[in-house]
Amino acid sequence: MYHQPKTPLRARARSEAKTPLTPSILNGMNNISLASSPTKRTSRPGAPIKSKASTSAFDTTNPFIVPQMSKSRPSSPVKRSGTGGIPNAESLQRQASGGVIRKGGVESRLDVVTRDYVPPRHEIKRSRSTPASRTAVGDRFITNREATDLAAVSATLELLSLNPQSSSPGHTARLAAATGMPINRRILGYHEQPPTASSSDTTLAQQREFARPLYSQRPGAIATSTGATTNKTRKIRTEPIRVLDAPSMMDDFYLNLLAWSSQNALAIGLENSTYVWKADTGTTACLGECQEGLYVTSLDFSRDGAFLGIGIHDGVVELWDAETGQKLRSMTGHQGQVASLSWNEHILTSGCIDGSIWCHDVRIGRHKVMELIGHTGEVCGLKWRPDGELLASGGNDNVVNIWDARLGNVGEGARGSAKWTKRNHTAAVKALGWCPWQPTLLATGGGTNDATVNIWNSTSGARLHTLRTPSQVTSINWSQHCKEIVTTHGYPTNSVMVHAYPSMERVAEIRDAHDSRVLHAALSPAGDVLATTSGDEMLKFWKIWEPKSSSEGAGSGQARKKKIIGDGELGGGRKNSTKEGILTLR
């Protein structure tokens, strides 16, 4: 049996369909002449050009398959001669072009391959300004800050596409238009630094600017700084009635450098000096000065206003005659600075930086008669109750202690323990205040990390009320004329606030009472004027309450006379000749 020669593999790979062998096809294939390829190309014009596919001895010329030409030699435009092969009849050519062969009643269909398949080369479409390298540098989700033109932004957005072959600047522009995002603007950018403050103290201005959103959005804030109140019948002045210059005021939260006596004399500590300003006459006197390198840390007047206790940075407690300005004695023993003082008749109590509290009897030589141990941090707040039975202390260890003076032995080396210990505050407790019309109530205020005011019952130890404020609480004073509390605050409000009791609602507020945080405050003996000082080296007086007269309503003329006298007085004393102007303590 005659076997058909195998078609070359290259041609077989192009077609999968096979033609059945009929007798007519077999007869035609027997007439095929096998000729070898010439060794040299003829230069005779008109000579037939044979393809490279016929160089093999078993190569069969198939009219339905065009052999692949070598890449180095282009294909010849001259048709292959049919000499020695199957005659290319016109009908056969039509059948070959259609892929159908009809011979002897048998119809066969072939997949005619006219040319070899060449994989297409996909070139990256880019604009002229786009670099050839598509390597991404940095985070692909953040656009390059240096890319400002349209082409660079388009190239960056192409990296986010799921099909980068179909992306183009036109597609990017349509996408930007659909999303409403400008194509020539950064999605993420870095803004410039805010302009510097106009004042000389740029640090303070930046702190106030950063804290302004917190200050403006706090709950219960009064809308304006014009002294607006929640009660139309209750208004206070938002401007100080008097301003004094206090140079060299130390900006230290833990110190207590302001005290107002029952004799209407105001004492203030300015670095290493202590000054006394008499509100009745408007005169100022320097009471004394510390040694070089030391400074005043605390002040407090005795109950009758005759003596002034001064705490020094080196732990010494000095006793001065407030009327004559003479130093009476120095009491030593503390290991560090004395940041707080409080009087109870002839007992002067001092709080030290090491957490100890000493009670000094100023009448005897061995002045230390009691030591109270209950704090592990600096004692920055001390306040005796007016009846002298209880003592409240606050420290930098965030602890409030209430001591009972009726318990324990009094004598050298005696120690006492606290009646109540409260740990509800989360910052240093400096602000302390006993209620004058309900002695069992004690108000305490915390520092920056706490900024709350708590009201305690000293008999049962229960916490009655809690008030959250926008900033650190530096002082608390109860009104003698109505059920209200006035508090002073530090950063960021630097304000004076008046709250009603027991509702604890904010009645009035003086915003930005000082340019710096309000450090110290003292209430006048008449209970109507509040003196405040801060790191801005200013001493200001605020009219908070109107004192009620005992003969109010007795007669209209007498009431008007007393009202006129009250307007000319400061602190409830005699006629003051220094009503207007800015005075200095030096």
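Cut-off values and rules
- Residues numbered from 1 in each chain as written.
- Predicted model: local features only at pLDDT ≥ 70, side-chain atom pairs only at ≥ 80, totals over all residues.
- Heavy atoms only, no water.
- Core = buried A, V, L, I, M, F, W, Y, C linked by side-chain atoms within 4.5 Å.
- Buried < 20%, exposed > 50% of the residue type's maximum accessible area, 1.4 Å probe, protein only.
- Helix = DSSP H or I, 4+ residues; strand = E, 2+ residues; numbered from the N terminus.
- Contact = heavy atoms within 4.5 Å.
- UniProt positions renumbered as here; feature names shortened; annotations may be inferred.
- Salt bridge = Lys/Arg side-chain N within 4 Å of Asp/Glu carboxyl O.
- Pairing = 2+ DSSP bridges.
- Axes fitted to C-alpha atoms, helices over the stretch in contact; angles between N-to-C directions.
- Phe/Tyr/Trp six-rings, centres within 6.5 Å; stacked < 30°, edge-to-face > 60°.
- Disulfide = S-S within 2.5 Å.

(A) Focus on the nonpolar core. Counting residues in hydrophobic clusters, the biggest one holds 36 residues, and the most contacted among them are Leu266, Ile310, Leu539 and Phe541. When residues of this core are traced back to their parent elements, those giving at least two are β4 (258–260), β5 (265–270), β6 (273–278), β8 (296–301), β9 (307–312), β30 (529–534) and β31 (538–543). In terms of residues, this core owes the most to one element, β5, which gives 5 residues. Every residue in contact with Leu266, bar those within four places of it in the chain, is listed here: Leu258, Ala259, Trp260, Tyr275, Val276, Trp277, Ala531, Leu539 and Phe541. Grouped together as the second largest cluster of nonpolar side chains are 15 residues, Val486, Ala500, Ala521 and Trp545 included.

(B) Up close: the UniProt feature "repeat: WD" (unreviewed entry) in the protein chain. Listed under "repeat: WD" (unreviewed entry) in the UniProt record, and renumbered for this structure, are residues 296–330, 372–404 and 511–544. Taken end to end, residues 296–330 is 0% helix and 60% strand, and its first and last C-alpha atoms sit 14 Å apart. Helix and strand shares over residues 372–404 are 0% and 58% respectively, and the end C-alpha atoms of the span are 11 Å apart.

(C) Main features of the pattern of salt bridges. Under the definition given, this model contains 10 salt bridges. With its nearest N and O atoms 3.1 Å apart, the salt bridge here joins Arg517 to Asp251. With Arg517 in the loop between β28 (506–510) and β29 (518–523) and Asp251 in the loop between β3 (242–245) and β4, this pair connects stretches of sequence that are 266 residues apart. Here Asp387 and Arg385 are joined by a salt bridge, their closest N and O atoms 2.8 Å apart. Its relative accessible area of 7% is what places Arg385 among the buried residues. Each of Arg385, Asp387 and Glu389 takes part in a single network of salt bridges with overlapping partners.

(D) Examining the sheet that holds strand β26 (residues 484–489) more closely. Strand order in the open sheet formed by 4 strands is β25-β26-β27-β28, with antiparallel pairing between adjacent strands. The sheet is open, and its two borders are formed by β25 (473–478) and β28, each paired with just one other strand. Averaged over all pairs of adjacent strands, the angle between strand axes in this sheet comes to 20 degrees, irrespective of strand direction. Two elements, β26 and strand β27 (residues 496–500), share 5 bridges in a ladder whose sense is antiparallel. The residue bridging Thr488 from the neighbouring strand is Val496, located in β27.

(E) Highlighting the packing of aromatic side chains. Under the definition given, this model contains 6 aromatic pairs. An angle of 75 degrees between the planes, with centres 5.9 Å apart, marks the rings of Trp260 and Phe541 as edge-to-face. You can see Trp260 sitting in strand β4 and its partner Phe541 sitting in strand β31, a full 281 residues away along the chain. For the pair Trp260 and Phe541, a shared accessibility class is recorded, and that class is buried.

(F) Layout of the state of the cysteines. Inspection of every chain in the model, using the stated rule, returns 0 disulfides. As a non-bridged cysteine, Cys290 has Cys286 as the owner of its nearest cysteine sulfur, 9.8 Å distant. Using a relative accessible area of 14% as the deciding quantity, one classes Cys290 as buried.

(G) Geometry of the pairing of β8. Extensive coverage of β8 is indicated by the burial of 6 of its 6 residues. In this structure, β8 lies alongside β9, joined through 5 bridges in antiparallel fashion. Note that in β9 the partner of Leu299 across the bridge is Ile310. Counting the residues between successive antiparallel strands, the hairpin from β8 to β9 contains 5 residues, one of them, Gly305, with a positive phi of roughly 80 degrees.

(H) Up close: the pairing of β29. The buried fraction of β29 amounts to 6 of the 6 residues, a majority that puts the element mostly inside the structure. The pairing of β29 with β30 spans 5 bridges and is classified as antiparallel. Paired with His520 across the two strands is Thr533, which belongs to β30. Hairpin geometry of β29 and β30 is characterised by an intervening segment of 5 residues between the two adjacent antiparallel strands and by a positive phi of about 80 degrees at Gly527.

(I) Up close: the side chain of Asn477. Following the sequence through the fold, Asn477 ends up in strand β25. Excluding anything up to four places from it in sequence, Asn477 contacts Glu484, Ile485, Val486, Ala521, Leu523, Leu530 and Trp545.

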